Amino acid sequence: MKMIVGLLLSLGLSNVALAEENPDWYLAGHLGVNHLSSWPAAVDFGGVSATGHLALSRGSHAGLMLGRQSEHARLELELTQGRFRIERMELADVSEAVSAHGKYQAVLANLYRHDALSRDWRAFAALGLGWGKVDLPGLQFSSGCACLGDASRRGAVYQGRLGIAYQPAGADALALQASYLSLPGPERAALPSVHYGRRGVTTVTVSYTHYF
């Protein structure tokens, strides 16, 4: 908790610093992988319920960012999206292999604090808040039960990010970053209804930043 409060205070001070200095505009993009191992599900057949989950594998993650950067602070708008593979579905005591994909999109406002490690290297931390959407496809068991129907949901998202950037004086930057993005749980209202809980996805991406 103390670390979170300290990071929030640091980011708040960074925002003040951004207003007092002469920041540079930048455009950036990042590309990499996400990791989301499973997604629990609760299914209601109209009075009879069952629990299960989807087994997932690594997928792709990408985004575009526009922002302003000063000596120690950065404020940006990020458009990001990801895709992951669904490999198995389980409900009660039934388990079957499947080949399908889910996806997510989000718009976030990110606030960074960054400090120099050396002349060309910087470390950074960020917090982001925004709005996003998750979509999961309809899945049907071989018995014919479409127990896990297509589900989607829009809602608040938030993320934390840590990274290290290489930026020679007067040049663009190249960075390696790890992020944790919390997503809303998709749901389906029609019977059989299904509800997936809120879930976090971990991403590792490489970013390139161009200043202008």
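Please refer to the structure higher up on the page.
Given the structure is predicted, the values throughout are model-derived calculations rather than measurements.

## Details of the pairing of strand β1 (residues 24-35)
Move 1: Both β1 and strand β3 (residues 49-69) contribute to a ladder of eleven bridges, which runs antiparallel. Of the residues in β3, the one forming a bridge with Leu-27 is Leu-66.
Move 2: Relative to strand β11 (residues 199-211), β1 is paired through ten bridges, and the arrangement is antiparallel. Across the sheet, Val-33 pairs through a bridge with Val-204, a residue of β11.

## Focus on the nonpolar core
Move 1: Ranked by internal contacts, the top residues of the largest apolar core, which has 29 residues, are Leu-54, Phe-84, Ile-86, Leu-139, Leu-148 and Tyr-196.
Move 2: Looking at this core, the elements that each hand over two or more residues are β2 (38-44), β3, β4 (73-91), β5 (94-116), β6 (121-136), β7 (151-166), β8 (173-183) and β10 (193-196).
Move 3: Per-element accounting of this core gives the leading share, five residues, to β5.
Move 4: Once residues within four sequence positions are removed from consideration, Leu-148 is found in contact with Ala-41, Val-43, Leu-54, Met-89, Pro-137, Gly-138, Leu-139, Val-194 and Tyr-196.

## Notes on the pattern of salt bridges
Move 1: A full pass over the atoms with the stated rule returns seven salt bridges.
Move 2: Salt-bridge contacts for Arg-161 lead to Glu-76; the nearest nitrogen and oxygen are separated by 3.8 Å. Of this pair, Arg-161 sits in strand β7 while Glu-76 sits in strand β4; the two residues are 85 residues apart in sequence, bridging distant segments of the chain. You'll find Arg-161 and Glu-76 in the same group, each marked buried.
Move 3: Between Arg-113 and Asp-115 there is a salt bridge, and its shortest N-O distance comes to 3.1 Å.

## A word on the environment of Phe-84
Move 1: By the secondary structure assignment, Phe-84 is in strand β4.
Move 2: Accessibility expressed as a relative area gives 1% for Phe-84, which makes it buried.
Move 3: Here the alpha-carbon distance between Phe-84 and Gly-59, two residues 25 residues apart in the chain, equals 4.1 Å.
Move 4: Not counting residues within four places of it along the chain, the set of residues in contact with Phe-84 comprises Asn-34, Leu-36, Trp-39, Leu-56, Ser-57, Gly-59, Ala-100, His-101, Gly-102, Lys-103, Tyr-104 and Leu-136.

## A look at unusual backbone geometry
Move 1: In this structure, Pro-192 follows Leu-191 across a cis peptide bond, with omega equal to -5°.
Move 2: One can find Pro-192 in the loop between β9 (187-188) and β10.
Move 3: Phi is positive for Ala-92, close to 55°, though the residue is something other than glycine.

## Side note on the state of the cysteines
Move 1: One pass over the full model with this rule turns up one disulfide.
Move 2: The disulfide partner of Cys-145 is Cys-147, and the S-S distance across this bridge is 1.8 Å. Of note, the bridge from Cys-145 to Cys-147 carries an S-S torsion of about 120° and is right-handed in sense.
Move 3: Since its relative accessible area comes to 5%, Cys-147 is described here as buried.

## Re the packing of aromatic side chains
The geometry of an aromatic ring pair is captured by the separation of the ring centres together with the interplanar angle, meaning the angle of the planes.
Move 1: This structure, assessed with the given rule, holds six aromatic pairs.
Move 2: Between the aromatic rings of Tyr-26 and Tyr-211, the centroid separation amounts to 5.9 Å while the plane-to-plane angle is 55°, which identifies the pairing as tilted. Within this pair, whereas Tyr-26 is found in strand β1, its partner Tyr-211 is found in strand β11, the two being separated by 185 residues in sequence.
Move 3: On the basis of relative accessible area, Tyr-211 is assigned to the buried category, the value being 16%.
Move 4: Geometrically, the ring pair formed by Trp-39 and Tyr-196 is edge-to-face, given 6.5 Å between the ring centres and 80° between the ring planes. Here Tyr-196 lies in strand β10 and Trp-39 lies in strand β2, a separation of 157 residues in the sequence.

Rules used throughout
Along each chain, residue indices are assigned from 1 in the same order as the chain's sequence is written. It should be noted that, the model being predicted, local features are given only for residues of pLDDT at least 70 and side-chain atom pairs only at 80 or more, the latter also being counted only at that level, while totals for whole chains, interfaces and linings use all residues. To obtain the side-chain values, all non-hydrogen atoms of the structure were included, while hydrogens and water were left out. Two strands qualify as a pair provided that DSSP identifies no fewer than 2 bridges between them. In this description a helix means any DSSP run of H or I spanning at least four residues, a strand means any run of E spanning at least two, and both kinds are numbered starting from the N terminus. As used here, the term nonpolar core means buried Ala, Val, Leu, Ile, Met, Phe, Trp, Tyr and Cys residues forming a set that is joined through side-chain atoms within 4.5 Å. Only protein chains enter the accessibility calculation, which uses a 1.4 Å probe; a residue is then buried when its area is under 20% of its type maximum, exposed when over 50%, and partly exposed in between. Residue contacts are counted whenever heavy atoms from the two residues lie within 4.5 Å of one another. In what follows, salt bridge is the name for a side-chain nitrogen of Lys or Arg lying within 4 Å of a carboxyl oxygen of Asp or Glu. Pairs of cysteine sulfur atoms within 2.5 Å are identified as disulfides in what follows. Stacked, tilted and edge-to-face are the three classes applied to pairs of Phe, Tyr and Trp rings, where Trp contributes its six-membered ring and a pair requires centres within 6.5 Å; stacked means planes under 30 degrees apart, edge-to-face means over 60, and tilted covers the rest.

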